[in-house]
Amino acid sequence: MSDYILDVRGLSGGYDTTQIFSDISLQIAEGESIGIFGPNGHGKTTFLKTLSGLIDPWAGDIFFSGQRMNREGERGSRRWRNFNYDAVTRRRIDPKAVARAGLIHVQQGNLLFPELTVDETLSIATTAAHGRKGWSLPEVHALFPRLHERGSHKIRFLSGGERQMVSMAAGLMAAPKLLILDEPTLGLSPKVRQELCDAILSVRKLGLPIVLIDQDVAFLEQIIDTLYLFDHGRFSGRMEKEEMPDHQTLMEMLFGEAH
Ligand SMILES: Nc1ncnc2c1ncn2[C@@H]1O[C@H](COP(=O)(O)OP(=O)(O)OP(=O)(O)O)[C@@H](O)[C@H]1O
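Under an unreviewed UniProt entry, the chain has the name ABC transporter ATP-binding protein and belongs to Pseudooceanicola lipolyticus. Its UniProt record gives the chain a comment under Sequence similarities (unreviewed entry), which states: "Belongs to the ABC transporter superfamily."

Following this line, the structure appears as structure tokens:
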């Protein structure tokens, strides 16, 4: 049995007939946090959604916390045109089972249900913990005091930053063993961004491992142990935090001197 919390072997995936990433292997040790850095549109998000079972993997295996997450074998081919793939082919992975195992993908805040209140959204999140102990409401209120004040507000009246906080709070209440954060501070004002970065740092300091995509090298450095460079659907480099160069040098590693 693997000693890793997450052990990904030869994972490939994409949308319908378009392959986005191929043959990715990744091992994350217990207690380790990693960052993924790379250009927009090269497949980082698609890779993470496949890890958490939101998209069906084409090939490869995902082991989490000692448990195989996917069915063995390659993805089946579509049987009929114009048919929903999921309806006619058994998926290789069940996203609910992945969440129950504690691999929690924090979705972008704009994907929350707009008509639910903050409190309603968070109460649903606790059911995802399936009896395991997630963060309590007072604990997430201590991390994000704004959510206490906004408890009875509908999601659609919240700012982008507040939605992002709800999404992260929901992830914590779902009892994560590993938290996936995909550009959690994208497009936020500097003040709200700082609040979220501080919260993520506090969560990290409590020992929860995180997989973080972010474009801010200084922020990544505070959170992660290991950085992976992602380029054209593959990992093109790996370095320990201590070896991480500055933003400009990383960009040159990805795009060459011209950048
Ligand atoms: N639902 C979808 N159906 C088909 N193609 C998609 C879908 N979602 C994304 N793509 C395509 O997959 C490719 C990879 O996108 P992805 O979002 O994974 O990249 P990324 O590296 O995370 O970039 P970004 O940082 O901009 O989100 C892009 O070309 C994108 O247009």
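Here the narrative resumes, following the displayed structure.
Neighbouring the ligand are Tyr15, Ile20, Pro39, Asn40, Gly41, His42, Gly43, Lys44, Thr45, Thr46 and Glu183. Residue Tyr15 places a side-chain N or O atom 3.2 Å away from a nitrogen atom belonging to the ligand. Within the backbone of His42, one N or O atom sits 3.1 Å away from an oxygen atom of the ligand. A total of 3 residues in the shell around the ligand trace back to one element, the largest contributor, which is helix H1 (residues 44-51). Of the residues belonging to the shell around the ligand, the class tally is 3 nonpolar, 6 polar and 2 charged.

Next up on the list: unusual backbone geometry. Its identity as a non-glycine residue notwithstanding, Asp16 has a phi of 50°, on the positive side. The topology assignment puts Asp16 in the loop between strand E1 (4-15) and strand E2 (18-29). Asp16 gets classed as partly exposed once you look at its relative accessible area, which sits at 45%.

Viewed as axis vectors pointing N to C, helix H7 (residues 160-173) and helix H8 (residues 190-205) meet at an angle of 10°, and their least axial separation amounts to 10 Å. Relative to H8, H7 is oriented roughly parallel. The two elements H7 and H8 meet at a crossing, and its hand is left-handed. From H7, Gly161, Gln164, Met165, Met168 and Leu172 reach across to H8, where they touch Val192, Glu195, Leu196, Ala199, Ile200 and Val203. Counted by class, the contact of H7 with H8 contains 8 nonpolar, 2 polar and 1 charged residues.

For the rest of this paragraph, the subject is the side chain of Arg193. As for its position among the elements, Arg193 is in helix H8. Judged by relative accessible area, which is 19%, Arg193 ranks as buried. A polar contact of 3.3 Å, which involves the side chain of Arg193, links it to the side chain of Thr185. Those residues in contact with Arg193 that sit more than four places away from it in its chain are Thr185, Leu188, Asp214, Asp216 and Phe219.

Pairing is antiparallel in the open sheet, where 4 strands are placed in the order E2-E1-E4-E5. The outermost strands of the open sheet, each flanked by one partner alone, are E2 and strand E5 (67-68). Pairing of E1 with strand E4 (residues 59-64), which is carried by 5 bridges, proceeds in the antiparallel orientation. Bridge pairing in E4 links Leu6 to Phe64. Strands in contact with H1 are E1, E2 and E4; relative to E1, the strand with the most contacts, it is inclined by about 120°.

Next up on the list: the layout of surface pockets. In this structure, the largest pocket occupies an estimated 750 Å³ of space. Looking at the lining of the largest pocket, the elements with two or more residues in it are helix H3 (95-101), strand E6 (103-106), helix H4 (118-127) and H7. Broken down by element, the residue count for the lining of the largest pocket peaks at 5 residues, all from H3. For the lining of the largest pocket, the per-class residue count stands at 16 nonpolar, 8 polar and 2 charged.

Parameters at a glance
Residues numbered from 1 in each chain as written. Predicted model: local features only at pLDDT ≥ 70, side-chain atom pairs only at ≥ 80, totals over all residues. Heavy atoms only, no water. UniProt positions renumbered as here; feature names shortened; annotations may be inferred. Near = heavy atom within 4 Å. Polar contact = N/O pair within 3.5 Å; in protein donor to acceptor, adjacent residues only side chain to side chain. Helix = DSSP H or I, 4+ residues; strand = E, 2+ residues; numbered from the N terminus. Nonpolar A, V, L, I, M, F, W, Y, C, P; charged D, E, K, R; others polar. Buried < 20%, exposed > 50% of the residue type's maximum accessible area, 1.4 Å probe, protein only. Axes fitted to C-alpha atoms, helices over the stretch in contact; angles between N-to-C directions. Parallel < 35°, antiparallel > 145°, perpendicular 65-115°, else oblique. Left-handed = near helix turned anticlockwise from the far one by under 90°. Contact = heavy atoms within 4.5 Å. Pairing = 2+ DSSP bridges. 1 Å grid on protein atoms, 1.4 Å probe; cavity = no way out; pocket = protein on both sides within 12 Å on 5 of 7 lines; lining within 4 Å. Points joined across faces, edges and corners; volume = space filled by probe spheres on them.

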